[in-house]
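# Overview (structure and organization)
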Amino acid sequence: MDPSAVLGARCTLGHNVVIHADVMVGDDVDLGDNVVVCRGTWLGDRVRVQAGSVLGKQPVSNGRMTRVPVAHPPLRLGNDVVVGACCVLFAGSSLEAGVLVGDLATVREDVHVGCDSIVGRAVVVELNTTIGRRVVLQSGSYITGDSIVEDDAFVGPEVSTSNDKYMGTRRVLYAGPHIEAFARIGNNATLLPGVRIGARAVVGAGAVVTRDVEPDAVVAGVPARPIPTRGDGGPAAAPEPRQGCPLMDPGYTDRSLKSELLMAVERVIQRGRYILDREVDALEREVAECCGGGHAVGVASGTDALVLLLRAFDIGPGDEVVTTPFTFFATAEAILHVGARPVFADVDPRTFLLTGQTVAPRITPRTKAILAVHLFGQMADMAELRAIADRHRLRLFEDACQAIGARWNGRGIGELGDGAALSFYPTKNLGAPGDGGMVVLRDADRTARIKRLRAHGTGAAKYEHWEIGWNSRLDEIQAAMLRVKLQRLQAWTEERIAIADRYANGLGDLPLRLPVRQPEARHVYHLYTVLAERRDELKQALATAGIEAGVYYPIALHLQPALRHLGYQSGDFPVAERLCGEVLSIPLYPGLRQQAQEYVIAQIRRFYGT
């Protein structure tokens, strides 16, 4: 046993037990013969581990892995967990109180198992999987990576799942099945990648599920199809498909990660530090890495991120900032908050984004910066805008509040500009349960200044204020929850792209203008926005069918009442004004079922008579 390990009272250790450094063991723990407890593992009270099991193993690369292994946080076992003989539980995972793990089971890294669940004999649970509370996984089942099994679900013996939706190609989309609460999966069933089994649904023994199963449905066969059910003595009838679809479902990601999010909150509460502590520090590092490196500073909102970014580069009274009139109001609002003047440039009618051709004529001797907006999830041509900014010795900023994870020629947010603003508003691709934002940049000195500005201009010494700042700090609880969700951002983004591809295939022959994905860009589809000449009629037809659609944005910024003092007139930016009359965003979000999307496509085609 390493000297740094801590054992609680009344612990029993069998023969040849190995306990590595920084292990924490609670009271009344029983470790059987030949058990190995790896570095940092945390065991609660009354844990029982039988002979030959390994707790907290770090994954090892074999040189051909599709996912590069990284160092994971220690394994955590709650109170009253029982682990059978010859099990392997990897680092990065957590098992809540009362979980039973049968002999020969394997639980890979970054798995969360809710309280009172059973992981049966020889079950394998792969990485990045969430198992809810009171779930039963019976012997021999294989739960693939990136799966979700909600509370009270039952998975019978020898069930097999898969998660590689593009196996054999260079494109990678990991999407395991999502089994909703109280669903029942019969013996030897097979679930294909990304299928969703609705709440209380039943999948018959031996079935092969190739598409989503509606809640309360009963399916069987190869491929699985609905079985008519009889109710109240009436004739047998297949359940009617549920119609309707929201534009967004920000609660889906929270519901799918409920147990992990609650554990993150509990971690903060146990620490008792709620403002600018280790969770914010860690999230800043992780988001910076996600965006391609550099630095990041957590702030209270995406709007504050824009304001503090401009202020940190001394953009202020007398300065002009060239930006787009087709965006959310906060873009111009931030420029005005620092005392500068927004100068609008029209946008490309295909991508809705600023271009070098529209920006260059708007530059004057008073221009200090260009503020590009990566609208709806696609980056503007940052190489072109960077060249213009350098030619005129201007700063180039990015409003990336809708575009975390986007790329331009492989370069991320903040890599080609002087700084970028992100938003964690709940409906964003990476959304918090409240407001939050972040500044991403590569300048270490400006990073330090933004950290000072977000906390009342405070210097190194407490209560020593070097300049007038703001109260704009990202909360620890928000940061802790965002860290959980950031681990799933890549999978959610690939899901968004797959949904966008299905729309392109299903709507491409209609008199609509679909989103244009530039070849240099990785579009992350915060919104899927089409152009329709009869926009309002289409929106009403969809609403009648129970489908929510949205207009982003109905009024161009240069025509907003609050900006009349800037002196713009109707007709100054004809492309932006036309877009405001034609844009319509249709449902797209992680968790959007294929049947629901097909219903949206069918209703749009019905509107156009096809």
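These numbers were taken from a predicted model, which means no experiment stands behind them.

### As for the overall build of the protein chain
What the protein chain contains, in helices and strands, is 13 helices and 43 strands. The C-alpha atoms of the protein chain give 27 Å as radius of gyration, which agrees with the globular expectation for 610 residues (25 Å, within 12%). Split into buried and exposed, the 610 residues of the protein chain put 55% on the buried side. The long-range fraction of contacts in the protein chain, counting pairs at least 24 apart against all pairs at least 6 apart in sequence, stands at 51%. With 66 positive and 70 negative side-chain charges, the protein chain shows a separation of 2 Å between the mean positions of the two kinds.

### Here's the deal with the sheet that holds strand S11 (residues 82-83)
If you walk across this open sheet you meet the 12 strands as S2-S5-S8-S11-S14-S17-S20-S23-S26-S29-S31-S32, and the pairing is mixed. What marks the edges here is a single partner per strand, and that holds for strand S2 (12-13) and strand S32 (225-226).

### Here's the deal with the packing of helix H2 (residues 258-271) against helix H9 (residues 476-486)
Between H2 and H9, whose axes approach to 9 Å, the crossing angle comes to 145 degrees. The two elements H2 and H9 meet at a crossing, and its hand is right-handed. On H9, the residues touching Glu-260, Leu-261, Ala-264, Val-265, Arg-267, Val-268 and Arg-271 of H2 are Glu-476, Ile-477, Ala-480, Met-481, Arg-483, Val-484 and Lys-485. Partitioning the contact of H2 with H9 into residue classes produces eight nonpolar, no polar and six charged.

### Some thoughts on the side chain of Asp-212
Note on placement: Asp-212 falls in the loop between strand S30 (208-209) and strand S31 (218-220). Polar side-chain contacts of Asp-212 include one of 2.9 Å to the backbone nitrogen of Arg-196.

### Some words on the pairing of strand S42 (residues 528-531)
A two-sided burial pattern is seen for S42, the buried positions comprising Tyr-528 and Val-530 on one face and Thr-529 and Leu-531 on the other. Pairing between S42 and strand S43 (residues 583-586): four bridges, direction antiparallel. Across the sheet, the residue bridging to Tyr-528 is Ile-586, located in S43.

### Comments concerning a nonpolar patch on the surface
A cluster of nonpolar side chains, namely Val-6, Met-24 and Trp-42, defines an oily patch on the protein surface of about 240 Å² accessible area. With respect to the helices and strands, the residue Trp-42 is situated in strand S7 (residues 42-43).

### Some points on the pattern of salt bridges
Side chains that carry opposite charge are capable of pairing whenever their charged atoms lie near each other. For the structure shown, the criterion picks out 38 salt bridges. A salt bridge links Glu-96 to Arg-133; the shortest N-O distance between them is 3.8 Å. Of this pair, Glu-96 sits in the loop between strand S13 (94-95) and strand S14 (100-101) while Arg-133 sits in the loop between strand S19 (130-131) and strand S20 (136-137), and the two are 37 residues apart along the sequence. Glu-96 gets classed as buried once you look at its relative accessible area, which sits at 13%.

Scoring rules and cut-offs
Residues numbered from 1 in each chain as written. Predicted model: local features only at pLDDT ≥ 70, side-chain atom pairs only at ≥ 80, totals over all residues. Heavy atoms only, no water. Helix = DSSP H or I, 4+ residues; strand = E, 2+ residues; numbered from the N terminus. Rg over C-alpha atoms; globule rule 2.2 N^0.38 Å. Buried < 20%, exposed > 50% of the residue type's maximum accessible area, 1.4 Å probe, protein only. Contact = heavy atoms within 4.5 Å. Lys, Arg positive; Asp, Glu negative; His and termini not counted. Charge placed at Lys NZ, Arg CZ, Asp CG, Glu CD. Pairing = 2+ DSSP bridges. Axes fitted to C-alpha atoms, helices over the stretch in contact; angles between N-to-C directions. Left-handed = near helix turned anticlockwise from the far one by under 90°. Nonpolar A, V, L, I, M, F, W, Y, C, P; charged D, E, K, R; others polar. Polar contact = N/O pair within 3.5 Å; in protein donor to acceptor, adjacent residues only side chain to side chain. Patch = residues over 30% accessible without salt bridge, like charges linked within 9 Å, V, L, I, M, F, W, Y side chains within 5 Å. Areas by Shrake-Rupley, 256 points an atom, 1.4 Å probe, with all protein chains shown as cover. Salt bridge = Lys/Arg side-chain N within 4 Å of Asp/Glu carboxyl O.

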